[in-house]
Amino acid sequence: MSSRLLKLSAAALLGSVLFASAPAFAEAVLHRGNAGEPQTLDQAQTSINIEAFILKDLYEGLTIYDAAGKIIPGAAESWTLSDDGVTYTFKLRENAKWSDGTPVTAQDFEFSFKRVEDPKTAAKYANILYPIKNAEAINNGKAEVATLGVKAVDDKTFQITLERPTPFFLELLAHQTALPVSKASVEKNGADFVKPGVMVSNGAFKLVSHVPNDSLVVEKNENHWDAANTKLDKVIFYPIDDQAASVRRFEAKEMDLVFNFSADQIERLRGAYKDQVHVSPTLATYYYAFDSSQAPYDDVRVRNALSMAVDRDFLAKEIYSGSQIPAYSLVPPGIASYGEPSKASFAEMSQLDREDKALELMKEAGYGEGGKPLEIEIRYNTNPNHERVATAVADMWKNTFNAKVTMTNLDVSSHYAYLQEGGKFNVARAGWVADYADAENFLALNLSTNKTFNYGKYNNPEFDALMQKSYAEENPEARSKLLHEAEALLSRDQPVAPLLTQADLWLVSNRVSGWEDNAANEHLSRFLSVSE
Amino acid sequence: MLAFVLRRLASAVPTLFIVVTISFFLMRFAPGGPFNLERPLPPATMENIMRTYQLDQPLWRQYVTYISNAVQGDFGPSYIYKDNTVAELIGKGLPYSMELGFFALLLALVGGVTLGTIAALRQNSALDFSIMSLATVGTTIPNFVVGPVLTLIFAIVLSLLPAGGWGDGSFRYLLLPMIALALPQLAVFARLTRGSMIEALHADHIRTARAYGLPPRIVVITHAMRGALLPVVSYLAPCAAALMTGSAVVETIFTIPGIGRYFVLGALNRDYTLVMGTVVLIAIFVIVFNLVVDLIYGLLDPRVRHD
């Protein structure tokens, strides 16, 4: 290449680099990292939390979560509950409008709920609304959609009839699947109603543009009833699933919020960014399930021994750098209506005492040193942290019981498919993130009738009976007592060994105000603002 | 010439067909499916979903449906990105990958050939060794190291360039990913050029040209280059296809909304239709680029033309 051409291209390169100038916006823009590309913007098809963040900024359900994670009125300004506890009557706000100016009506909610339960929609979270009368039957194709227990009494009054009293129903209404769609828009536009330019939303923001894997831009919805209090003009969601890339962009000051980064970065980031690093315990439990249909895991002593021998403090500190907390109960702390969970009896013992007791139990059961040899296989889904945890636990069991431990990992899809299809295993890693802030969501995993999520095939009629009673119990205190008793059974029997309570890791720039950590991990952009 | 092109395009059809068929059935061997990923689903919900996406049909029927739709340009909906069809996703992402790939190819080709030529002309000098060492470094250091290092220096410490994204499409967003993508290929082109240029410079007709007193620049560029470029052109086809269809790694590091990641993400998420769509696309690119390269060959080397 001639030297002149070389000089020209060098000049062009340099010129384009220097040409970069950031235009000064007068508007308030929040650059929000969102950890992955949403699979859909249709609330009836949604299933993951990164979609929830976007959808809850675009749409508003009957109830919503405030910045502290508490349920407050959303599209409904008030509600009443009938004496028998099964009929809710919601009064919608007079001034609630869609982003195209048309009013939000009860018919919109009726249409939306029926759409979610319609089997043709194939909604993944249809079970969120199963407490509504006939919802489950409709979704299984055993009843007509029109029989769903929802009714638009008039344009602004919406009635929901439940199967039975459901104390946590208001929490369910804040779930992203319960967000309304505009009946007129869906009927007119069909599947295109989610596209920018077509979508009408009733939340604080409306959709402006969506470039998959690059950005999703929403702007303030002037027709929202609370638009005067929304301080942001624009929110740009960055769907970056590579955690390292997200952190780099935060450090380059291109993003104000980052959701979830690698735990081993906590120390370094805390050193550089101090309190912009948020480690927020959330309603999620990391546990190891035992297959109660396989010997020796059908023996409660073996399960307890194995569970006791795990040094949870080590896992929390060394592997997760403090981003997860040792857990001795399946239900995590932080659920307002439940309070302190019923922990395992060995929660307060020192680890050395636990190991001694574990050895005793194992000997009693006839395994380990001096008894039958222990050969354990740990299954987990492929992930560097799960691998470290499995390795550490394998080591603990080797050292305590002289067990031979092998490990098997599959990608997340195959791992859960295997467990869900009833595959046999010894010990399997699993995690559960609460769908709604109620202890029942965790405890129900162990119902003998729960064929999908009860991987360990735990079968305890006493436990089942307590849970059944809790569903019918109207008094919140009495109900909480029943659930605690049920959980106590789990803690005694250890069908699953709860290991850690997960935390959400957020990077929140100093530019952002209005942020509050909460266990429900609800962070509506309308309660946030940015300073220049 | 035209007959040659038409014959090659005609033979592309059965090739594509075989590629699609093998990929289709191979994909289904992986356990798990696209719908029980983040959380396992209740059986009734799963049934609903399988029916909606026709995954409850026998495999051969799904295959026939897929082929008959594909020939009409309908590559099906994405199972994971439910608001889009595969054609839409690829259509939206391809321009980004192609633009990035084009500039990376340009940089790799021009940079590599230039450096290789210089090294060949100054064979065994210090310049030659340093260029070849650079080439070794370029091929050995993986781009998931080069990318973040470049970002650290230029975006975080110096704040000269953006750390990622496409932004408004201006060149400053392209610069770092382009370099990260081009570097290994640049190194390969440099080595190839040096080797074949050294050989070409020792050929008879070059000695004759020199004996005629032609200026060195003419000797190298007009006469030696044509022969020296043959191996480079051979490598160009797979290189161009790979660069243009996007590098999953570079696009992830710099969060470029291209299609490179769809292939990997699609496989991990068992998004059958998306993977098939990217497979078809890559196959088409490889076939087209091989054809183009064969034509260039004919231009460069008259001996090939008369076959």
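Residues numbered from 1 in each chain as written. Chains lettered and ligands numbered in written order. Predicted model: local features only at pLDDT ≥ 70, side-chain atom pairs only at ≥ 80, totals over all residues.

## With respect to the overall build of chain A
Here's step 1: In terms of regular secondary structure, chain A is built from 16 helices and 19 strands.
Here's step 2: A globule of 532 residues ought to have a C-alpha radius of gyration of about 24 Å, and chain A, at 26 Å, matches this closely.
Here's step 3: If you line up chain A on its principal axes, its C-alpha atoms span 80 × 75 × 40 Å.
Here's step 4: Counting all 532 residues of chain A, 49% fall into the buried class.
Here's step 5: At a minimum sequence separation of 6, the contacts of chain A that also span at least 24 residues come to 67%. (Helix = DSSP H or I, 4+ residues; strand = E, 2+ residues; numbered from the N terminus. Rg over C-alpha atoms; globule rule 2.2 N^0.38 Å. Buried ≥ 20, exposed ≤ 12 C-beta atoms within 10 Å, placed from the backbone. Contact = placed C-beta atoms within 7 Å.)

## Focus: the overall build of chain B
Here's step 1: When helices and strands are tallied, chain B shows 13 helices and zero strands.
Here's step 2: Of the regular secondary structure in chain B, the N- to C-terminal order runs α-α-α-α-α-α-α-α-α-α-α-α-α.
Here's step 3: With respect to the principal axes defined by its C-alpha atoms, chain B has extents near 85 × 55 × 30 Å.
Here's step 4: When each of the 307 residues of chain B is scored for burial, the buried share is 43%.
Here's step 5: Long-range contacts, defined as pairs at least 24 residues apart, comprise 72% of the intrachain contacts of chain B with a sequence gap of at least 6.

## What to know about unusual backbone geometry
Residues and elements named next belong to chain A.
Here's step 1: In this chain, Ala-295 is followed by Pro-296 through a cis amide linkage whose omega measures -5°.
Here's step 2: Turning to its location among the elements, Pro-296 is positioned in the loop between strand 12 (277–290) and helix 9 (300–308).
Here's step 3: Despite not being glycine, Asn-260 shows a phi value in the positive range, around 70°.
Here's step 4: You can see Asn-260 is positioned in the loop between strand 11 (257–259) and helix 8 (266–273).

## A closer look at helix 5 (residues 126–140) of chain B
Quick reminder: α-helices carry 3.6 residues per turn. Residues three or four places apart thus point the same way.
Here's step 1: Between its terminal C-alpha atoms helix 5 of chain B stretches 21 Å, which fits the 21 Å expected from 15 residues at 1.5 Å a residue.
Here's step 2: Tucked into the core, helix 5 of chain B has its buried residues touching helix 4 (86–121) and helix 7 (171–201) of chain B. (Expected span 1.5 Å × (residues − 1).)

## Regarding the sheet that holds strand 7 (residues 157–161) of chain A
Residues and elements named next belong to chain A.
Here's step 1: Read across the sheet, four strands follow the order 4-5-7-6 without closing on themselves; strand pairing throughout is antiparallel. Single-partner strands in this sheet number two, and they are strand 4 (76–81) and strand 6 (150–154). Across this sheet, the average inter-strand angle for adjacent strands is 20°, counted without regard to direction.
Here's step 2: Two elements, strand 6 and strand 7, share four bridges in a ladder whose sense is antiparallel. Bridge pairing in strand 7 links Asp-154 to Thr-157.
Here's step 3: The strands touched by helix 3 (residues 106–117) within the sheet are strand 5 (87–92), strand 6 and strand 7, with strand 6 carrying the most contacts at an inclination of about 170°. (Pairing = 2+ DSSP bridges. Axes fitted to C-alpha atoms, helices over the stretch in contact; angles between N-to-C directions.)

## Focus: the environment of Lys-188 of chain A
Here's step 1: Relative to the helices and strands, Lys-188 of chain A is located in helix 6 (residues 183–189).
Here's step 2: According to the C-beta neighbour criterion, Lys-188 of chain A is exposed, with 11 such atoms within 10 Å.

## A word on the interface of chain B and chain A
Here's step 1: The interface is formed by 46 residues belonging to chain B together with 42 residues belonging to chain A.
Here's step 2: Sorting elements by how many residues they give to the side of chain B that touches chain A places helix 2 (residues 43–52) of chain B first, with six residues.
Here's step 3: In terms of residue class, the side of chain B that touches chain A is made up of 25 nonpolar, 15 polar and six charged. (Nonpolar A, V, L, I, M, F, W, Y, C, P; charged D, E, K, R; others polar.)

## Focus: helix 15 (residues 461–472) of chain A
All names here are of chain A.
Here's step 1: Taking 1.5 Å per residue, 12 residues should reach 16 Å; helix 15 reaches 17 Å between its end C-alpha atoms and fits that length.
Here's step 2: Within the sequence span of helix 15, burial applies to Phe-463, Leu-466, Met-467 and Ser-470. Buried residues along helix 15 cover an arc of 95° about the axis, so they all sit on one side. Of the exposed residues in helix 15, the ones pointing more than 90 degrees away from its buried face are Pro-461, Ala-465 and Ala-472. (Arc of directions from axis to C-beta.)

## Some remarks on the packing of helix 4 of chain B against helix 7 of chain B
Residue and element names in this part refer to chain B.
Here's step 1: Between helix 4 and helix 7, the least distance of the axes is 5 Å, while the angle of their chain directions is 35°. Taken as a pair, helix 4 and helix 7 cross one another with a handedness that is right-handed.
Here's step 2: For the contact of helix 4 with helix 7, a count of residues per class yields 23 nonpolar, six polar and two charged. (Left-handed = near helix turned anticlockwise from the far one by under 90°.)

## Quick word on the packing of helix 6 (residues 143–157) of chain B against helix 7 of chain B
Residue and element names in this part refer to chain B.
Here's step 1: Packing of helix 6 against helix 7 leaves a shortest axis separation of 9 Å and a crossing angle of 145°. Of the two elements, helix 6 crosses helix 7, and the hand of that crossing is right-handed. Contact residues: helix 6 offers Asn-143, Val-146, Gly-147, Leu-150, Thr-151 and Phe-154, while helix 7 offers Leu-176, Ile-179, Ala-180, Leu-181, Leu-183 and Pro-184.
Here's step 2: Split into classes, the residues belonging to the contact of helix 6 with helix 7 amount to nine nonpolar, three polar and no charged.

## Here's the deal with the confidence of the model for chain A
Here's step 1: Residues of chain A with pLDDT of at least 70 account for 95%, and the chain-wide mean is 89.
Here's step 2: Long-range and interchain partners of residues 18–24 of chain A, a stretch whose pLDDT sits below 50, account for two contacts in this model, where long-range means more than four residues apart. (pLDDT = per-residue confidence, 0-100.)

## Points about the pairing of strand 14 (residues 375–381) of chain A
Residues and elements named next belong to chain A.
Here's step 1: Counting buried residues in strand 14 gives five out of seven residues, a clear majority hidden from the surface.
Here's step 2: Note: strand 14 against strand 15 (residues 404–410), seven bridges, orientation parallel. The partner of Arg-379 across the bridge, within strand 15, is Thr-408.
Here's step 3: After leaving strand 14, the chain enters helix 12 (residues 384–401) and then returns to the sheet as strand 15, a path that is right-handed.
Here's step 4: In this sheet, strand 16 (residues 427–433) lies alongside strand 14 in parallel orientation, the contact comprising two bridges. Across the sheet, residue Arg-379 finds its bridge partner in strand 16, namely Ala-428. (Right-handed = clockwise from strand over helix to strand, strands pointing away.)

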